[in-house]
Amino acid sequence: MKNIKHLIVQEIKVLLCDKRALGILFAMPMILILFLSLALTDVYHQKVGKKIHITMLTDHSKTTEEIVQQFKNFNYHIEHITEHQGIEASLKKEKSDVIIEIPKSIKNILVGTKSADSIKMYFRPTLDKSYQELVKGHFTIALQSMVIDQVNRRLKKMNESKELKKSVVINQLSQNKNFIEVMTTNNVIPNPIQQTVPAWALFAMFFIVIPLSNSFIRDRNSGILKRLLCYNISKAELLIGKLIPYILINIIQFSLMLLVGQFIVPLFTSKDFSLGEINSLLILVTLVCSIASTSFALLVSTVSNSSAQAHSFGPLAIVIMALFGGVMIPHFVMPEFMQYLSYLSPLYWALESYLDIFLRGATLTIVAPKLYVLLGFSLVAFGVSLKKFRWSE
Amino acid sequence: MGHIVEIDSLTYTYPNALEKSLDSLSLNIKKGQSFGLLGPNGAGKTTLLSFLCGQRKDLTNSIKLFGSSSNELHGELLNIGYAPQELALFPMLSGIENLLFFAKLAGLAEDKRLGRVLEMLKAVDLQKSQDKLVENYSGGMKRRLNLAVALLNDPKLLILDEPTVGVDPQSRNLIFEKIEELKSRGVTIIYTTHYMEEVQRLCDSVAIVKEGKILFNGTLDSLLESQKNESLEQCYLQLTGYEVVD
């Protein structure tokens, strides 16, 4: 135990010597979280967007004005023009996402009495299919609403002359556009900040592989590990002595990143990231995740012959684990087989543990199985590190 | 006089290597002896020394140190001082910080630790540079500090693996003087080098190793006599061959 204490103190001393590297170690993940959160703010934003630019090419007849007015209820950015040169060019230049051309004979289509040209919709080729379907659907509703309004007006006149009372029903339906209420379930889908902050914070935590492998391989190549042999230090003591300072760094890194998520990111976006109560469960999950990330770093350090090897293999492995683990693409949007593959990534279990706490208000009983998986991963990584440990090059 | 080091038919092959690094190597070193271990590059000298320091305890049934099998050694390891060929120091820490760290590992009592560290700094003439970062030390200063670390625990067995590589004459002389002083105090020394004049100055016995096998083991005088040659370098070349070893 005494040896471990000396090794930990020494490692911390060495780390503190390079203040610039230490600063980078803490600042870079914070910057990563800030920019990623800002960049990904709208990724899962519901697909009704003010940002879709729609150009409506129509005359200014009463009917078309009514259609445009109805369509504006869906909060699209709508430009109403009467003449347009080069529809395709406009779409390619991405001035408009959608161009809707309404023929002058629109009234005939709606009344269905005479033949007429159809309504034409042009979509920007890169516009997501789901957005295209959404615009089509909303436009159809706008047309129907306009027709209902017209019918209602007529019925109202008739009603005034005491001819029809049924119009009331249609009128009510027309007035009450929010008759469908969107309900939420317990399967909470995180907002972008709630997903990205823990996900990318974990991703950054696993990058502890770079400083740890640097330190480990430097000590091995410089003969320090070999010298430590003479002091009756076991491999396990030495590895634990290396591990603990980096676990501390990881915990500090994660705490700083969460603070950025909670206090700085909301300054730039409308989304909030609620850290919730800092309770013992959050501390426990952070500790276990740090143990998992540093054990992985230790494994990479012991199997690598050089820093160059560790620096290419380590980050690549993290990117793959992050890809499977739901960091880059959220687990809930992955295809089913990918969702099964994600169970192989420690990042998945770590991320789910955090989402349990932040979004689902989970208790230790719910999070514990995930923590067992992470501890199992750490034990295996530590065991292989012990097996692969070499005192010298 | 008892043997401090007893090696009996030690054979070792590195993982994935085709040839043996140590091949049925047997060697005894008496207490108080100053023993030169010579051999071309790749002869197995450093491998042998790392075994003596306790590396690969699982494979060292054929080594006895201080009368105990080396896989049973625990506290006895603290009687060994080892200065590896590499400069096994923390470059971003000062000389005194390096020594204090290794002094803690050597188990020196807290109240005696600083005193011993200062004593060692004085012994290798580094007291003026004790607060300087090791990365700013010259090659000779680093080598002297490397030796000071090995001497911290006042070892009974001192293992020096090419301690004068890249060292200026002044530092080399200081290292020699320190080793001679230790020799006079009865410390057993194992010394590897490629410089024959160092062996002639410091060692009374010598073993010449090539390809993991011992070609000669005896006193310096008997070596010179056996090869009918006055120069140690000629003896060495006659035994190990004149072809360049990579």
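Residues numbered from 1 in each chain as written. Chains lettered and ligands numbered in written order. Predicted model: local features only at pLDDT ≥ 70, side-chain atom pairs only at ≥ 80, totals over all residues. Heavy atoms only, no water.

### Re the packing of aromatic side chains
Our working definition: Two aromatic rings, drawn from Phe, Tyr or Trp (for Trp, its six-membered ring), form a pair once their centres lie within 6.5 Å of each other, and the interplanar angle then sorts them: stacked below 30 degrees, edge-to-face above 60, tilted otherwise. Buried means the residue's accessible area, taken with a 1.4 Å probe over protein chains only, is under 20% of the maximum for its type, while exposed means over 50%, and partly exposed covers the values in between. We call a charge positioned over a ring when the NZ of a Lys or the CZ of an Arg lies within 6 Å of the ring centre and within 35 degrees of the ring normal.
In the structure shown here, the tally under the stated rule is 18 aromatic pairs over all chains. Centroid distance Tyr348(A) to Trp349(A): 5.0 Å. Interplanar angle 80°. Geometry classified as edge-to-face. The pair formed by Tyr348(A) and Trp349(A) is uniform in burial state, with each residue classed as buried. A connected cluster of aromatic rings, assembled from ring pairs, spans Phe71(A), Phe74(A), Tyr76(A) and Phe139(A). Its end group placed over the ring of Phe102(B), Arg227(A) keeps NZ or CZ at 5.5 Å from the ring centre.

### A closer look at helix 9 (residues 209–221) of chain A
Let me state the cut-off plainly: Helix and strand assignments follow DSSP, with helices taken as H or I runs no shorter than four residues and strands as E runs no shorter than two, numbered in order from the N terminus. One fewer than the residue count of a helix, multiplied by 1.5 Å, yields its expected span.
Helix length check: helix 9 of chain A (13 residues) gives 17 Å between terminal C-alpha atoms against 18 Å at 1.5 Å per residue, within 8%. Listed as buried for helix 9 of chain A are Val209(A), Pro211(A), Leu212(A), Ser213(A), Ser215(A), Phe216(A), Ile217(A), Asp219(A) and Arg220(A).

### Quick notes on the confidence of the model for chain A
As a reminder of what qualifies: For every residue, the predictor states its confidence as a pLDDT score lying anywhere from 0 to 100. Note on contacts: a residue pair qualifies if any of its non-hydrogen atoms lie within 4.5 Å across the two residues.
Of all residues in chain A, 81% have pLDDT values of 70 or greater, and the mean over the chain is 80. When the criterion is pLDDT under 50, residues 46–50 of chain A qualifies, and its contacts beyond four places in sequence or with other chains add up to 12 contacts.

### Considerations on the sheet that holds strand 3 (residues 34–38) of chain B
All names here are of chain B. We count it as follows: Between any two strands, pairing holds if DSSP finds at least two bridges. Lines are fitted to the C-alpha atoms to define the axes, a helix being fitted only along its stretch in contact, and any angle between axes, read from their N-to-C directions, falls within 0 to 180 degrees.
The strand order across the open sheet built from 6 strands is 6-7-8-3-9-10, with neighbouring strands paired in mixed fashion. Every other strand in the sheet has two partners, leaving strand 6 (80–83) and strand 10 (213–219) as the edge strands with one partner each. Taking the axes of each pair of neighbouring strands and ignoring which way they run, one obtains an average angle of 15° across the sheet. Note: strand 3 against strand 9 (residues 205–210), 4 bridges, orientation parallel. Each residue of the ladder has a partner; that of Gly36, found in strand 9, is Val206.

### Section: the pattern of salt bridges
As a reminder of what qualifies: Within this document, salt bridges are pairs made up of a side-chain nitrogen of Lys or Arg and a carboxyl oxygen of Asp or Glu, the two lying within 4 Å of each other.
Counted by the stated rule, this structure contains 15 salt bridges over all chains. Linking Lys136(A) and Glu133(A) is a salt bridge whose minimum nitrogen-to-oxygen distance equals 3.4 Å. You can see Lys136(A) and its partner Glu133(A) sitting in helix 6 (residues 129–160), 3 residues apart, about one turn around the helix. With a relative accessible area of 37%, Lys136(A) lands in the partly exposed category. The partner of Asp154(B) in a salt bridge is Arg185(B), with the nearest N and O atoms 2.9 Å apart. With a gap of 31 residues between them, Asp154(B) in the loop between helix 4 (139–151) and strand 7 (157–161) and Arg185(B) in the loop between helix 5 (169–184) and strand 8 (188–192) connect regions that are remote in the sequence. A relative accessible area of 43% places Asp154(B) in the partly exposed class. On the basis of relative accessibility, which here comes to 46%, the residue Arg185(B) falls in the partly exposed class. Within the structure, one salt-bridge network assembled from shared partners comprises Glu11(A), Arg218(A), Asp219(A) and Lys242(A).

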